Amino acid sequence: MEKIAFFGLGNMGGPMAANLAKVGYTVAAFDLSPVALEQAQRDGCLPCDSAQQAVEGADIVISMLPSGDAVKELYLGEAGLLQQLPADTLIIDCSTISAEDACLVSQAAGEHGLRAIDAPVSGGTAAAQAGTLCFMCGGDEAAFDAARAPLQVMGSKIFLAGAAGAGQVAKICNNLLLAIHMTGTAEALQLGVDKGLDAKVLSDIMRESSGNNWSLANYNPYPGTMESVPSAKGYAGGFSVALMLKDLGLAMDAASTSASSTPMGALAKNLFQLHGASEENRQLDFSSIQNMFRRPAGSLT
Ligand code: NAD
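Just so it is clear, the model here is predicted, and its values are computed rather than measured. (Residues numbered from 1 in each chain as written. Predicted model: local features only at pLDDT ≥ 70, side-chain atom pairs only at ≥ 80, totals over all residues. Heavy atoms only, no water.)

### Considerations on the site of the ligand
The environment of the ligand is made up of 20 residues, and the closest members are Asn-11, Met-12, Asp-31, Leu-65 and Lys-246. Within the backbone of Leu-65, one N or O atom sits 2.8 Å away from an oxygen atom of the ligand. Contact with the protein chains removes 85% of the 830 Å² of surface that the ligand exposes when unbound. Breaking the shell around the ligand down by element, the ones donating at least two residues are helix H6 (124–130) and helix H11 (241–257). Tallied by class, the residues present in the shell around the ligand amount to 9 nonpolar, 8 polar and 3 charged. No fewer than three residues from each of domain 1 (3–164) and domain 2 (169–293) sit in the shell around the ligand. (Near = heavy atom within 4 Å. Polar contact = N/O pair within 3.5 Å; in protein donor to acceptor, adjacent residues only side chain to side chain. Areas by Shrake-Rupley, 256 points an atom, 1.4 Å probe, with all protein chains shown as cover. Helix = DSSP H or I, 4+ residues; strand = E, 2+ residues; numbered from the N terminus. Nonpolar A, V, L, I, M, F, W, Y, C, P; charged D, E, K, R; others polar. Domains from an automatic or database assignment.)

As structure tokens, then:
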């Protein structure tokens, strides 16, 4: 089986690398965090002391990093990995970054005789652990086909959206919509509760009605309506407000380059910005936007 070098063993990358190791890939893992590296070792990966060590003999390089700057720093420039990877190595960047940054990496990879796709994901940490992520890829078809086998280990739905950068465009469109329906769901649930309805009963009704949507049905933001979602655990874990703000920022930047109108997305971004004004809230799951609509008990007019 091919050898994989895996970079970024955080909430998402950690379980993704673990799933690859579980099915028999040799996974050489690198992260700036020693704690993440120790966990990767427990998960069957080979922890490495440096990026250079991780890519030795690797056929495939996978990255799952927090930002476009981190991705560019890893691959580009004089110290970047593109300088040392042998021709034909396949690069799969799963980080959520701008389409422009993804194109930069793809183009530079091509100049070095390497193959690269952008492959951001939807599904969150639970899907990363279960190996059921949705991958949205951008790149040429041959590189996409070569990436299929490891992607199928980490995910259950795999799409080629178009050329380099197209995966990132699909990802930000998806998360723009996610932010909008999560905010709208929180607003509707709070209205019902303020008017005396039970949030769970109202959720059951709307799930069978035309208001149904993923946030309501799979990730209900109102505490007490659903088990095993962040709202049942004080909004701990999951997909942070900070990461949602990053994605909404990418979406707004993208919209400005195509002169697209995104008023709902802009409003959702502003609401998340207000909610995330405190560092504490920024670290909560994004469904904690429910708290913006909740009133303290006994404060009804
Ligand atoms: P995270 O902060 O938990 O993990 C990022 C990891 O990358 C950290 O362990 C960090 O130490 C490591 N890192 C940073 N720079 C590095 C470098 N140069 N070399 C090696 N390791 C480095 O973030 P996450 O939640 O795993 O998210 C990763 C990416 O996935 C982000 O782009 C995010 O937008 C995207 N994403 C996250 C979720 C989610 O639910 N958390 C869902 C979909 C997509």
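### Observations regarding the packing of helix H8 (residues 166–194) against helix H12 (residues 263–275)
Contact geometry for H8 and H12: axes closest at 9 Å, N-to-C directions at 65°. In terms of their interaxial angle, H8 and H12 are classed as roughly perpendicular. In this structure, the crossing between H8 and H12 has a hand that is left-handed. On the side of H8, the interface is formed by Leu-176, Ala-179, Ile-180 and Thr-183, while H12 contributes Met-264, Gly-265, Ala-268, Leu-271 and Phe-272. For the contact of H8 with H12, the class distribution of residues is 7 nonpolar, 2 polar and no charged. (Axes fitted to C-alpha atoms, helices over the stretch in contact; angles between N-to-C directions. Parallel < 35°, antiparallel > 145°, perpendicular 65-115°, else oblique. Left-handed = near helix turned anticlockwise from the far one by under 90°. Contact = heavy atoms within 4.5 Å.)

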